[in-house]
Every structure is written in C-alpha cells, then in structure tokens.
Amino acid sequence: MALSRAHRREEVNFWPGFVDALSTMLIGIVFLLTVFVLGQFFLSQELTGKDTALERLNKQISELTDLLALERSSNRQAQESLQLMQSTLAQAQGERSRLQGLLETQQNGNAGAQLAETQKALESEKQLSARAQATVDLVNQQIAAMRRQLAALEEALAASEAKDKDSQARIADLGSRLNVALAQRVQELARYRSDFFGRLRQVLGTRPDIRTVGDRFVFQSEIFFDAGQAVLKPEGQAELDKFATVLLDLAKEMPPDLPWILRVDGHTDNRPIRTAQFPSNWYLSSARAIAVVEYLISRGLPNDRVAATGFGEYQPLDVANTDEAHRRNRRIEFKITER
C-alpha cells in the first residue's frame, strides 16, 4: 500500500505544459498575421505616394513630347519658307542677268533712253535681290534658333526619362528597405512584449482572475471595480502598482524611437446599464479604461505611451448567457502594440 501511494505522488501532470505550448503557438500565429497586415499597410501607403510622383513625371514627359512635336512642325515650315525664298532669289538673279544682257545690247546700239530705263530696272532688281537675301538670312537664323531649341528639348526629354528610371529604382529600393525596417521593428517590439509578459507572470503569479489571451493580459473587472462603478478599489490600485513597476522598468530598456504604446481596453457583459452616470455599457467600459490609464499615468507612465479604449459588451470572450460567462466578459485588457 505504501508503494502504491508513493507511485501516485511521483506521477507528473503534463497538461499545463501542453497548454503553454498551445498558447505560444497561437501567439506566434497572431503575431505573424499582425506583421503581415502592418507591412502591407505601410507599403501600400509608401507606394501610393510614389505612384503620385511617377504620374507627375509622366505628365511632364507628355508635355515635353508635345512641345517637341510642335517645334519640329515649326522647323518644317521654316524649311519650306527658306526653299521658297531661295527660289525667288534664283528667279531674281536670272532676271538680273537678263537685264544686264539687255543693257549691254542697248549700249552697243546707242539706245540712250532705253539704257537709262534699263539701269533703273536693274537697280530695282538689285534692291529686290538684297531684300530677298536679307529675308533668307533671317530665315536661316530662325532655323538655327529652332534647331537649338529642338536640341534643348531632346536633351530635357532624355533627362526626364533618365530621372524617371532613377525614380523607379529608388522606389523599389525604398520599398525593400521599408520592409526590412518594418520587420526589424516588429521583431524588436515582439521581443520586449515577450519579456514584459514573462516579468508580469513572475510578479502576479498564477491567479484564475488574471490570464493571458493571445497577446493581451486580461484582468477581471472585479479586481479593480465594484459592480456598475468606475472608481478603482484599493486592492485594484495595488495590482496596478505591480503592473506599472514592471512596465516602467521595461520602458527604460526600450529604444526611444521604438513606437510602442500600452492600450487599455474596457469590456462589460451584455446586461444593459441605465444610470445618470453611465447611460450605456459604452460609457461604463470607457470610464473604466480611462480610470486605469489615469492611475498608470500617476505612477509615472508617459502620457504619449498609453491609450484608453471602451468596447462595451461587443467583444465577448464567452457568448453564453450565464453568470460565469458574464464574469469572464467583464474585464480590463492590457496590450503592448504599435502606434
């Protein structure tokens, strides 16, 4: 009989270890889902801004292309005008040669009156030829200016295309670096959250009214408040003192640029409340969360590292309509997360 009793005392209960392993696996799954969602959100925000810049660059390229086409059209018109002027000049020079030949013939025939008239006509042709030459020079200058403008436009277009390619490369590099930085930040925050949970378990011990659900510490409301009230009880303040001590010690170890925040969530059961102070469960859950936040701030927690949220009865842990389910749903949850 003594040996049988000794054997039963030596049996090991593996069930708590199995529960811890299952909880750790669930925490890991929730953490991976959170990392994925946050990564997608920040990446979409960054890519949206870069798409806007890329659209603006494409619009500028389109405008430069239109301007280049206009300049090319003007250049063709100038070339046609130049050809017309050169044809007119050639005709004028031919007429001049004809008149000079006529003048020589008239000089040989001693036609004095006709000679004077011919000389006058010749001078007129010279003036016309000079004006045509001046016009041709002006057109040549305009063509040269248009060619310089065309070269400048082509250079600007090439620079814009190069800038566009550089922007695309920088967008890709920025997205890659953003993913790496985000993953590092999430891993760092997860490490501190795990450390925080471990220290809290050591300080608070194993109590049925304090438990871990996913990535949150859950306290039953009865620890802090009387039924239907939002004033902290002395024993609730004592528990919050332990909580604040662990959190403040951990905050000293966290990097200043790590965007962490402690979110305090108030929850009630589904039984309605109708009082002058609390017209609904929304008011009661929010007032309890605010009361906890204000007490933590009074213990030294920075104002910008804490937030209060009221969920009313709309996030129950147990959907049954029993006293035990109501007790479980009346709770205060603490969660370390990103801003």
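For the structure given in this document, a descriptive report is provided here. Note that the coordinates shown come from a computational prediction; the quantities given were computed from them, not determined experimentally.

### So, the packing of aromatic side chains
Each aromatic ring pair is characterised by the separation of its centres together with the angle its planes make.
At step 1: This model, assessed by the stated rule, comprises six aromatic pairs.
At step 2: Judged by centre distance (6.2 Å) and plane angle (65°), the rings of phenylalanine 224 and phenylalanine 225 are edge-to-face.
At step 3: Given the relative accessible area of 0%, phenylalanine 224 is considered buried.
At step 4: Phenylalanine 225 sits in the buried class, given a relative accessible area of 2%.

### Topic: helix 4 (residues 234–253)
At step 1: Over its 20 residues, helix 4 runs 29 Å from end to end, which matches the ideal 28 Å to within 8%, given 1.5 Å per residue.
At step 2: Of the positions making up helix 4, those classed as buried are Gly236, Glu239, Leu240, Phe243, Ala244, Val246, Leu247 and Leu250.

### Structural notes on the pattern of salt bridges
At step 1: All chains considered together, the criterion is met by twelve salt bridges.
At step 2: Put simply, glutamate 222 and arginine 330 hold a salt bridge, and the shortest N to O gap is 2.8 Å. Residue glutamate 222 is found in the loop between strand 2 (216–220) and helix 4, and its partner arginine 330 is found in the loop between helix 6 (323–329) and strand 5 (331–338); the two are separated by 108 residues along the sequence.
At step 3: With its nearest N and O atoms 3.0 Å apart, the salt bridge here joins arginine 271 to aspartate 269.
At step 4: Using a relative accessible area of 6% as the deciding quantity, one classes aspartate 269 as buried.
At step 5: Among the ionic contacts, a cluster of salt bridges with common partners joins Glu222, Asp269, Arg271 and Arg330.

How each quantity is defined
- Residues numbered from 1 in each chain as written.
- Predicted model: local features only at pLDDT ≥ 70, side-chain atom pairs only at ≥ 80, totals over all residues.
- Heavy atoms only, no water.
- Phe/Tyr/Trp six-rings, centres within 6.5 Å; stacked < 30°, edge-to-face > 60°.
- Buried < 20%, exposed > 50% of the residue type's maximum accessible area, 1.4 Å probe, protein only.
- Helix = DSSP H or I, 4+ residues; strand = E, 2+ residues; numbered from the N terminus.
- Expected span 1.5 Å × (residues − 1).
- Salt bridge = Lys/Arg side-chain N within 4 Å of Asp/Glu carboxyl O.

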